[in-house]
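Fold and contact review
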Amino acid sequence: MSLLAGKTVVVSGVGAGLGHQVAAAVVRDGGNAVLGARTEDSLAKSAAEIDPEGAHTAYRTTDITDETRCETLAALALERFGRIDAVVHVAAWDSYFGGLEEADFATWQSVIDVNLLGSLRMTRACLPALKERGGSVVFIGTQSSVAAPSQVRQAAYAASKGALTSAMYSLARELGPHRIRVNTVLPGWMWGPPVQAYVQFTAHTEGVGESEVLGRLTERMALPDLATDGDVADAAVFLASDRARAITGQSLLVNAGELMR
């Protein structure tokens, strides 16, 4: 039987990268994917690629800083498929760089509003449906929340995702009696559009080959290849499925062994 046969999974933050891969994995494994993101064109493109006939996908523009929009996406899942079995939180603000000295704390607050509070808003919107039969909440965090990378500084992003992981423990305890599991996937360097762009930009800036830049990333890893968006999506889908029915309150690093804990 397919991993997610008959299940409906809400996926926030569906664009060209990880969100698309998560939604694609849901449909591949027999589930229905309800897609949310701020840009309708991205949603339409993703849904068409994943499910050309539209039998197993639905989408609606969603800004997770807006509680009403979160509730509307959850309502779409119920309207179209009659249930919510899992929610996977990919939506994030990960494009603000820098450390403490140059920090704009107003921007930090916005990053936290998206990455921490936005994920919690979307979770709460799905709770009534999840409570009906139990289910799964999967946060996409980052390895940077437990070990700062040396190549880039993303202090606000790391702090917001670290806070989300801390919130996970409380939610796992709070929601466990309803048979709702709460876990986090922590990707490291993940081959997909953002890392491809980083490799290309760095190679161009330094006047070196892309293979050299990529080699700097992989040399610290136990495995010789970067994890991909698809690898992270597969981990998220596993945690969303009944095969992870006894797993809650856990953080899973998907990082080719760069950091081991």
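Here the structure is shown first, and the text comes after it.
Here we summarise the structure given alongside this text.

Calculation notes
Residues numbered from 1 in each chain as written. Predicted model: local features only at pLDDT ≥ 70, side-chain atom pairs only at ≥ 80, totals over all residues. Heavy atoms only, no water. Buried < 20%, exposed > 50% of the residue type's maximum accessible area, 1.4 Å probe, protein only. Helix = DSSP H or I, 4+ residues; strand = E, 2+ residues; numbered from the N terminus. Pairing = 2+ DSSP bridges. Axes fitted to C-alpha atoms, helices over the stretch in contact; angles between N-to-C directions. Left-handed = near helix turned anticlockwise from the far one by under 90°. Contact = heavy atoms within 4.5 Å. Parallel < 35°, antiparallel > 145°, perpendicular 65-115°, else oblique. Salt bridge = Lys/Arg side-chain N within 4 Å of Asp/Glu carboxyl O. Phe/Tyr/Trp six-rings, centres within 6.5 Å; stacked < 30°, edge-to-face > 60°.

Time to look at the pairing of strand S6 (residues 180-187). With eight of eight residues buried, S6 is to be regarded as a mostly interior element. Neither face of S6 is left uncovered, since the one carrying Ile180, Val182, Thr184 and Leu186 and the one carrying Arg181, Asn183, Val185 and Pro187 both have all their residues buried. Of the pairings in the sheet, the one linking strand S5 (residues 135-140) to S6 comprises six bridges and is parallel in character. In the sheet register, Gly135 faces S6, and the bridge partner there is Ile180. In terms of strand pairing, S6 meets strand S9 (residues 251-254) through four bridges, oriented parallel. Within the sheet, the bridge partner assigned to Thr184 lies in S9 and is Ser251.

Let us now look at the packing of helix H1 (residues 18-28) against helix H2 (residues 40-50). Where H1 meets H2, the closest approach of the two axes is 10 Å, and the angle between their N-to-C directions is 35°. Judged by the twist between their axes, the crossing of H1 over H2 is right-handed. Every residue of H2 that contacts H1 at His20, Ala23, Ala24 and Val27 is listed here: Ser46, Glu49 and Ile50.

Okay, the packing of helix H4 (residues 105-133) against helix H5 (residues 155-175) next. At a closest axis distance of 8 Å, the pairing of H4 and H5 adopts a crossing angle of 25°. With respect to their mutual orientation, H4 and H5 come out roughly parallel. In this structure, the crossing between H4 and H5 has a hand that is right-handed. Between H4 and H5, the residues in contact are Trp108, Val111, Ile112, Asn115, Leu116, Ser119, Leu120 and Leu127 and Ala155, Ala156, Tyr157, Ala159, Ser160, Lys161, Ala163, Leu164, Ala167, Leu171 and Leu175, respectively.

Despite not being glycine, Arg179 has its phi angle at roughly 60°, a positive value. In this structure, Arg179 sits in the loop between H5 and S6. Residue classification places Arg179 among the exposed residues on the basis of a relative accessible area of 68%. Of note in this structure, Ala256 is not a glycine but carries a positive phi near 60°. The residue Ala256 is located in the segment after S9 in this model.

Taken together, the seven strands give an open sheet; going across it, the order is S3-S2-S1-S4-S5-S6-S9, and neighbouring strands pair in parallel fashion. Because the sheet does not close on itself, it has two edges, and the strands there are strand S3 (57-61) and S9. With direction set aside, neighbouring strand axes in the sheet form an average angle of 20°. Bridging between strand S1 (residues 8-12) and strand S4 (residues 86-89) involves four bridges; their strand directions are parallel. Its bridge partner being in S4, Val10 is matched across the sheet by Val87. Against the sheet, H1 makes contact with S1, strand S2 (32-37), S3, S4 and S5, and its axis sits at roughly 165° relative to S2, the strand it touches most.

The final tally for this structure, using the stated rule, is 11 salt bridges. We note a salt bridge from Lys7 to Asp242, for which the minimum N-O separation is 3.1 Å. Within this pair, whereas Lys7 is found in the segment before S1, its partner Asp242 is found in the loop between helix H8 (229-240) and S9, the two being separated by 235 residues in sequence. Notably, a salt bridge pairs Arg216 with Glu206, separated by 2.7 Å at the nearest N-O pair. Residue Arg216 is located in helix H7 (residues 210-218), and its partner Glu206 is located in helix H6 (residues 193-206); the two are separated by 10 residues in the primary sequence. Residue Arg216 is classed as partly exposed on the basis of its relative accessible area of 28%. Look at the salt bridges and you will find they share partners, linking Arg28, Asp29 and Asp234 into a network.

Within the structure shown, the criterion is met by two aromatic pairs. With a centroid separation of 5.6 Å and 70° between ring planes, the pair formed by Phe105 and Trp108 is classed as edge-to-face. Separated by three residues within a single helix, Phe105 and Trp108 lie in helix H4, roughly one turn from each other. Under the relative-accessibility criterion, Trp108 is labelled buried at 16%. Between the aromatic rings of Trp189 and Tyr198, the centroid separation amounts to 5.0 Å while the plane-to-plane angle is 40°, which identifies the pairing as tilted. According to the relative accessible area criterion, Trp189 is buried, its value standing at 12%.

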